[in-house]
Amino acid sequence: MKQLREKVLRRRFFLACLRHVLRSLAVLGTLSLCVLAFFKMFSIETELVKVVAAMAVLMASTLFHFVSKRPKDEAFLAYMRAVNSGVAKHPEKGPPMHAEKLIYLILPASDTTDAIIGDLEERYERAANRYGVKYANGWYWRQALGSVVPFLWNRVRKILTLTAVAKGAHTVWKWWM
Amino acid sequence: MPSTVGSFEMKILLAIISLKEQAYGVAIAEEIEERLGKSVSVGTLYTTLERLEEKGFLATKFGDPTASRGGRAKKYFRLTGKGISALKETLADIKRIQEAWVVS
């Protein structure tokens, strides 16, 4: 029974992933068509502009794909729980589903993310046993909402560092050439 | 030459030292909350831990998954030599400033 449930969850999750990839491809296609129409309208023939535009389209689609990397539905959470614990939990007995989803969405996919979710779940259970489920739910929401800014700022900080490194490399390249 | 650490980073490093082998997210947060009487959000804690790890002040390892955590593993932290040097330097700086204030 457990195996059957996991199989169903896995299938749902992969269907959600497939939908996500198709959505990203649709974005890529739409952007490409827009750029082609723009070239046609303004009769742009320069090869360099075309290459730059193609790269920009590709980068924008990739960005879209990675920013909305994880399938944002219940199938994902259920699958994560089933894979990690072997048994899918009943949503009413675990932490608030939307708060957990929020954490998964703002964090990059890594082992640390699982450790963070595990820490939250451990403290949630303790709070629920000590003060009741209502208090624990409120606590979990406060943690989730309070973590949005630090986690997002951490990601922005990394992007800014990469941008600074790229700018530095570009300056060195220009100086060298 | 090792760099110094900030105020919250110092608190985290001291909590890790005090917890020895049992320093993982929940234990660190509870240790800080107990000692300082302030709540620590998981976001602030983990971004600081990640920053300290990037600086080379912390080493990490994953433990075994446990049922109470939904089958998820704990991430344990310990100080590296560089981390200990940075912490000592920061504490020495604070001591020097304190002494200067007491003298003047």
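About the thresholds
Residues numbered from 1 in each chain as written. Chains lettered and ligands numbered in written order. Predicted model: local features only at pLDDT ≥ 70, side-chain atom pairs only at ≥ 80, totals over all residues. Heavy atoms only, no water. Helix = DSSP H or I, 4+ residues; strand = E, 2+ residues; numbered from the N terminus. Buried < 20%, exposed > 50% of the residue type's maximum accessible area, 1.4 Å probe, protein only. Contact = heavy atoms within 4.5 Å. Pairing = 2+ DSSP bridges. Core = buried A, V, L, I, M, F, W, Y, C linked by side-chain atoms within 4.5 Å. Buried area = accessible area lost by both parts, 1.4 Å probe. Salt bridge = Lys/Arg side-chain N within 4 Å of Asp/Glu carboxyl O. Polar contact = N/O pair within 3.5 Å; in protein donor to acceptor, adjacent residues only side chain to side chain. Nonpolar A, V, L, I, M, F, W, Y, C, P; charged D, E, K, R; others polar. Expected span 1.5 Å × (residues − 1).

Comments concerning the overall build of chain A
Helix and strand counts for chain A stand at 6 helices and 0 strands. Secondary structure elements in chain A, listed N-terminal to C-terminal, are α-α-α-α-α-α. The buried share among the 177 residues of chain A stands at 32%. Pairs at least 24 residues apart make up 66% of the contacts formed inside chain A by residues separated by at least 6 positions.

Some thoughts on unusual backbone geometry
Residue and element names in this part refer to chain B. One non-glycine residue, K20, lies in the positive phi region at around 55°. Structurally, the position occupied by K20 is in the loop between α1 (7–19) and α2 (25–36). Overall, the relative accessible area of 63% leaves K20 in the exposed class.

Concerning the pairing of strand β2 (residues 75–79) of chain B
All names here are of chain B. The element β2 is extensively covered by neighbouring structure, given that 4 of its 5 residues are classed as buried. Relative to β2, strand β1 (residues 58–62) runs antiparallel, the two sharing 5 bridges. Bridging from a neighbouring strand, A59 pairs with R78 of β2.

Let's talk about the nonpolar core
Grouped together as the largest cluster of nonpolar side chains are 45 residues, with contacts concentrated most on I12(B), I16(B), I28(B), L45(B), Y46(B), L49(B) and L58(B). Looking at this core, the elements that each hand over two or more residues are α4 (97–106), α5 (111–131) and α6 (133–176) of chain A together with α1, α2, α3 (42–54), β2 and α4 (81–103) of chain B. Among the elements that line this core, the one with the most residues is α5(A), at 7 residues. Those residues in contact with L49(B), other than ones at most four positions away along the chain, are I12(B), I16(B), I28(B), L58(B) and F77(B).

Considering the interface of chain B and chain A
In many reports, interface size means the accessible area that the parts give up when they come together. Taken together, the 25 residues of chain B in the interface contact 28 residues of chain A. Surface buried jointly by chain B and chain A totals about 2,200 Å² across both partners, of which 49% is contributed by carbon and sulfur atoms. Among the residues of chain B in contact with chain A, V42(B), Y46(B) and R72(B) are the three that bury the most area, contributing 29% of the side total. There are 7 salt bridges connecting chain B and chain A. The partner of R123(A) in a salt bridge is E33(B), and the shortest N-O contact between them spans 2.8 Å. If you look at where chain B meets chain A, you find 13 residue pairs in polar contact (both at pLDDT 80 or more). Elements that contribute at least two residues to the side of chain B that touches chain A include exactly α2 and α3 of chain B. With 8 residues, the top contributor of residues to the side of chain B that touches chain A is α3(B). Within the side of chain B that touches chain A, the residues separate by chemical class into 8 nonpolar, 8 polar and 9 charged.

Brief notes about α5(A)
When the terminal C-alpha atoms of α5(A) are compared, their 30 Å separation across 21 residues agrees well with the 30 Å that a helix rising 1.5 Å per residue should span. Downstream of α5(A) by one or two residues, G132(A) has phi in the positive range, about 105°.

Observations regarding the environment of G56(B)
All names here are of chain B. Within the element layout of this structure, G56 appears in the loop between α3 and β1. The spacing of G56 and K82 is 26 residues in sequence and 6.7 Å in space, taken between C-alpha atoms. Setting aside its immediate chain neighbours within four residues, G56 contacts T80, K82 and G83.

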